[in-house]
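Fold and geometry: a report
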Amino acid sequence: MNTASIRSIAMVLLAAMLWGTTGTAQSLAPAGLSPYWVGALRLVIASAFFALLAWPAWRVRRGGGLRWGPVLLAGACVATYNLSFFAGVKSAGVALGTALAIGSGPIWAGLLQTVAQRRLPAPVWWLGTLLGVAGGAAMALDGGSTVRAPWTGIALCLLAGLAYAMYALTNKRLVAQAGAAVVNLAVFGTAGLLSLPVALLLGGAPTVAPGALGIVLYLGLVATGVAYLLFSTALRHISGATGVTLALAEPVTAFALAVAVVGESPSAMAYGGLAAVLAGLLLVIWAELRTTRPAAGAAAA
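Residues numbered from 1 in each chain as written. Predicted model: local features only at pLDDT ≥ 70, side-chain atom pairs only at ≥ 80, totals over all residues. Heavy atoms only, no water.

Under the annotation held in an unreviewed UniProt entry, the protein carries the name DME family drug/metabolite transporter and is attributed to Diaphorobacter nitroreducens. UniProt, in its Subcellular location (unreviewed entry) section for the protein, records the words "Cell membrane". (UniProt positions renumbered as here; feature names shortened; annotations may be inferred.)

Next up, the structure:
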């Protein structure tokens, strides 16, 4: 059994759990701060967190030995994901927009990895991914949303999913060159610099109330900083496509918090979607471990 892969899978699931707290945290924040600024400021705060962790390696190796072409691509993908997700959700609605953005990511990742490796992921992986995506859509829609939305909103949400998938696959290449903290500092620093002027253009001058500041700090340090540090470290030992699919554990956490903290009462459709997501994740984990087991055996030989 590949212990490194199992540990990495657990790290991605933990990262997804932290991402799943984002919606509840934002719902508890006072109104007034533009969502564009929430997205930009959490990137800046996360970059400061990564700078503290990465400074020794960055100083010694002058950038950690990174290739800046992939860094710029990954940073642009993170910035595109943040901005297109918020804009898409605003246009298409929270339920449909979230389902499209998060649900399309694993499918985009599978297709992009197929093009890059010229080999399809295992059928079990596709089965688990599609089952998880369908379950996530059922949880997000919860029987209370129609599929009517402007095509621009749908396109923006699909763009968010594509940007996230491209980030994950590019990030996997980067963490093979340098430590996760160094990679994230370069990527999220780039994304923050790209996002700030756009947030100023679309959200105006920021006004941060004391209550909102605490929420933004949590989103930047924990839900972004710690979560993406776990995610990037895990990509050393699992495929990028599997990492994106395992992030479907995010709506599971959001679902649990919505019931326990916010007091929502999900429908039977949402509970069915929860079961589908969990079953899909188990299939994807099984497919990943089956893929990595022969490689581990060959290395031992």
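Still to come is the rest of the account.
Another aspect to go through is the overall build of the protein. In terms of regular secondary structure, the protein is built from 12 helices and zero strands. Along the protein, helices and strands appear, N-terminal first, in the series α-α-α-α-α-α-α-α-α-α-α-α. Within the span of the protein, comprising 301 residues, buried residues form 51% of the whole. By sequence separation, contacts in the protein at least 24 residues apart represent 90% of the contacts at least 6 residues apart. In the form shown here, the protein has an accessible surface area of approximately 13,500 Å², with 71% of it arising from carbon and sulfur atoms. (Helix = DSSP H or I, 4+ residues; strand = E, 2+ residues; numbered from the N terminus. Buried < 20%, exposed > 50% of the residue type's maximum accessible area, 1.4 Å probe, protein only. Contact = heavy atoms within 4.5 Å. Areas by Shrake-Rupley, 256 points an atom, 1.4 Å probe, with all protein chains shown as cover.)

Inspection of every chain in the model, using the stated rule, returns 16 aromatic pairs. When the ring of tryptophan 19 is compared with that of tyrosine 164, the centres are 6.4 Å apart and the planes differ by 90 degrees; the resulting orientation is edge-to-face. Of this pair, tryptophan 19 sits in helix α1 (residues 3–19) while tyrosine 164 sits in helix α7 (residues 151–175), and the two are 145 residues apart along the sequence. (Phe/Tyr/Trp six-rings, centres within 6.5 Å; stacked < 30°, edge-to-face > 60°.)

This part takes up the environment of valine 89. Mapped onto the fold, valine 89 is located in helix α4 (residues 68–92). In this structure valine 89 comes out as buried when scored by relative accessible area, which is 14%. Considered as a pair, valine 89 and alanine 101 are 12 residues apart in the sequence and their alpha carbons are 8.7 Å apart.

Attention now goes to the confidence of the model for the protein. Per-residue pLDDT for the protein has a mean of 84; in total, 89% of the residues score no lower than 70. Predicted confidence is poor over residues 294–301, with pLDDT under 50, and the contacts of this stretch with residues over four places away or in other chains come to one contact. (pLDDT = per-residue confidence, 0-100.)

Looking now at the side chain of asparagine 171. When you line up the elements, asparagine 171 lands in helix α7. You can call asparagine 171 buried: its relative accessible area is 0%.

Now for the packing of α4 against α7. One way to put it is that α4 packs onto α7 with a least axis distance of 7 Å and a crossing angle of 155 degrees. Between α4 and α7, the interaxial angle falls into the category roughly antiparallel. You can see that α4 and α7 cross each other, and the crossing is left-handed. Across the contact of α4 with α7, the residue classes break down as 20 nonpolar, seven polar and one charged. (Axes fitted to C-alpha atoms, helices over the stretch in contact; angles between N-to-C directions. Parallel < 35°, antiparallel > 145°, perpendicular 65-115°, else oblique. Left-handed = near helix turned anticlockwise from the far one by under 90°. Nonpolar A, V, L, I, M, F, W, Y, C, P; charged D, E, K, R; others polar.)

Okay, the side chain of serine 47 next. The topology assignment puts serine 47 in helix α3 (residues 35–61). At 3.0 Å, the side chain of serine 47 forms a polar contact with the backbone oxygen of phenylalanine 188. Beyond its immediate chain neighbours, meaning those up to four positions away, serine 47 contacts Leu185, Phe188 and Gly189. (Polar contact = N/O pair within 3.5 Å; in protein donor to acceptor, adjacent residues only side chain to side chain.)

The next subject is the packing of α1 against helix α9 (residues 210–234). Close contact between α1 and α9 brings their axes to 8 Å; oriented N to C, the two are set at 160 degrees. If you check the angle between α1 and α9, you find them roughly antiparallel. Viewed along their axes, α1 and α9 form a crossing whose handedness is left-handed. Facing Ser8, Met11, Val12, Leu14, Ala15, Leu18 and Trp19 of α1, the residues of α9 in contact are Val222, Ala223, Val226, Ala227, Tyr228, Leu230, Phe231, Thr233 and Ala234. When the residues that make up the contact of α1 with α9 are grouped by side-chain class, the tally is 14 nonpolar, two polar and no charged.

What follows deals with the environment of glutamate 264. With respect to the helices and strands, glutamate 264 occurs in the loop between α11 (249–262) and α12 (268–300). Under the relative-accessibility criterion, glutamate 264 is labelled partly exposed at 47%. Those residues in contact with glutamate 264 that lie beyond four places of it in its chain are Ala258 and Val259.

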